[in-house]
Amino acid sequence: MRVRFSRGVLTIAAIVVVLAVAITVGLYNLLKQAKPFRQVEAGCVVRTPSGELSLDVEQAQISATIAAVAARRRLPERAVVIAYATALQESKLFNVDHGDRDSLGVFQQRPSQGWGKPKQIMDPVYSTNKFFAALVKVKNYRKMPLAEAAQEVQRSAGGYAYAPHEGDAKILAAAFTGRVPKALHCTYPGPTATPTTTARPRTEEARRKLARALGSTAITTERRGWLVAAWSVAHAQEYGLRRVDYSGVSWRAEEVSDGWKPGGKSSTTEVVLS
């Protein structure tokens, strides 16, 4: 027996097939044009009028520590630039536990050359203090070429290699010393950036660590305030900080953010952590 379909049924079937094909093609084109999902990784960026640099979180933390130690010792920005250029060449601003012969740490200092014990050298606050203590003994270090000043401290086999890092070092110094406000932004995906996070930020612990490098954390100038703010942003992930407020603007540890935004505490005498 032959089954016959009416013209109306065939028409409806044809329409269904056409719609199915159209939907399939549309979905294919939509998926083809859609941008692939990209997981945001923790990281930092420094933006100043002189340029922009991307940093690993550890690089930002060490940069902030170097600036804080320099401020405690009341050193000029030139000293900070020299320290950054040296660290960029020696360790790329990482606290490495290895190097040439017995070299260690951010500045690749050698225990056998009297820089200290390995455990001490692996402490960025200690190693930075040792670097600056040697640098200030270099006569006219502020005026001499950067590579010469760094080489006087490091006594490296390739002292010429410090010079190419001067440009980046100046960008870092402008940001982390606080001379350029709002210059550092870090993004921390995960629990730190989640508004529903239940763990309380360890603000007092963060302040104690800052005080070890900076000494008094009291805000006496706006530049010092921005130094403290930059240090706090660089260490936010470590201490569970979700927000840093200073001078009328606020930084938040969100996955998608574009730096400092209006709405923070208006005071210039305190950096508020939360």
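About the thresholds
Residues numbered from 1 in each chain as written. Predicted model: local features only at pLDDT ≥ 70, side-chain atom pairs only at ≥ 80, totals over all residues. Heavy atoms only, no water. Helix = DSSP H or I, 4+ residues; strand = E, 2+ residues; numbered from the N terminus. Buried < 20%, exposed > 50% of the residue type's maximum accessible area, 1.4 Å probe, protein only. Contact = heavy atoms within 4.5 Å. Areas by Shrake-Rupley, 256 points an atom, 1.4 Å probe, with all protein chains shown as cover. Disulfide = S-S within 2.5 Å. Salt bridge = Lys/Arg side-chain N within 4 Å of Asp/Glu carboxyl O. Axes fitted to C-alpha atoms, helices over the stretch in contact; angles between N-to-C directions. Parallel < 35°, antiparallel > 145°, perpendicular 65-115°, else oblique. Left-handed = near helix turned anticlockwise from the far one by under 90°. Nonpolar A, V, L, I, M, F, W, Y, C, P; charged D, E, K, R; others polar.

Along the protein, the regular secondary structure elements total ten helices and seven strands. Looking at the protein residue by residue over its 274 residues, the buried ones come to 45%. Excluding contacts between residues fewer than 6 apart, the proportion of contacts in the protein whose partners are at least 24 apart in sequence is 62%. About 15400 Å² of surface is accessible on the protein, with carbon and sulfur atoms providing 54% of the total.

Evaluation of the coordinates by the stated rule reveals one disulfide. Across the disulfide from Cys 44 sits Cys 186; the S-S distance is 2.0 Å. In this structure the cystine formed by Cys 44 and Cys 186 twists about its S-S bond by roughly 105 degrees; its chirality is therefore right-handed. Here Cys 44 is found in strand 1 (residues 43-48), whereas its partner Cys 186 is found in strand 3 (residues 184-187), with 142 residues between them in sequence. Look at Cys 44 and you get buried, because its relative accessible area is 5%. Given a relative accessible area of 0%, Cys 186 falls into the buried group.

At Lys 92, a residue that is not glycine, the phi angle is positive and equals roughly 60 degrees. Tracing the backbone shows Lys 92 in the loop between helix 3 (77-91) and helix 4 (118-121). Look at Lys 92 and you get exposed, because its relative accessible area is 59%.

Evaluation of the coordinates by the stated rule reveals eleven salt bridges. Note that Arg 155 and Glu 152 form a salt bridge whose closest N and O atoms lie 3.4 Å from each other. Judged by its relative accessible area of 62%, Arg 155 falls in the exposed class. Take Glu 152: its relative accessible area is 37%, and that puts it in the partly exposed class.

Where helix 2 (residues 57-72) meets helix 9 (residues 222-234), the closest approach of the two axes is 9 Å, and the angle between their N-to-C directions is 150 degrees. Comparing the axis directions of helix 2 and helix 9 gives the class roughly antiparallel. Our pair here, helix 2 against helix 9, has a crossing hand that is left-handed. Note on element contacts: helix 9 touches helix 2 through Leu 227, Trp 231 and Ala 234, opposite Val 57, Ala 60, Gln 61, Ala 64, Thr 65, Ala 67, Ala 68 and Ala 71. Looking at the contact of helix 2 with helix 9 residue by residue, the classes come out as nine nonpolar, two polar and no charged.

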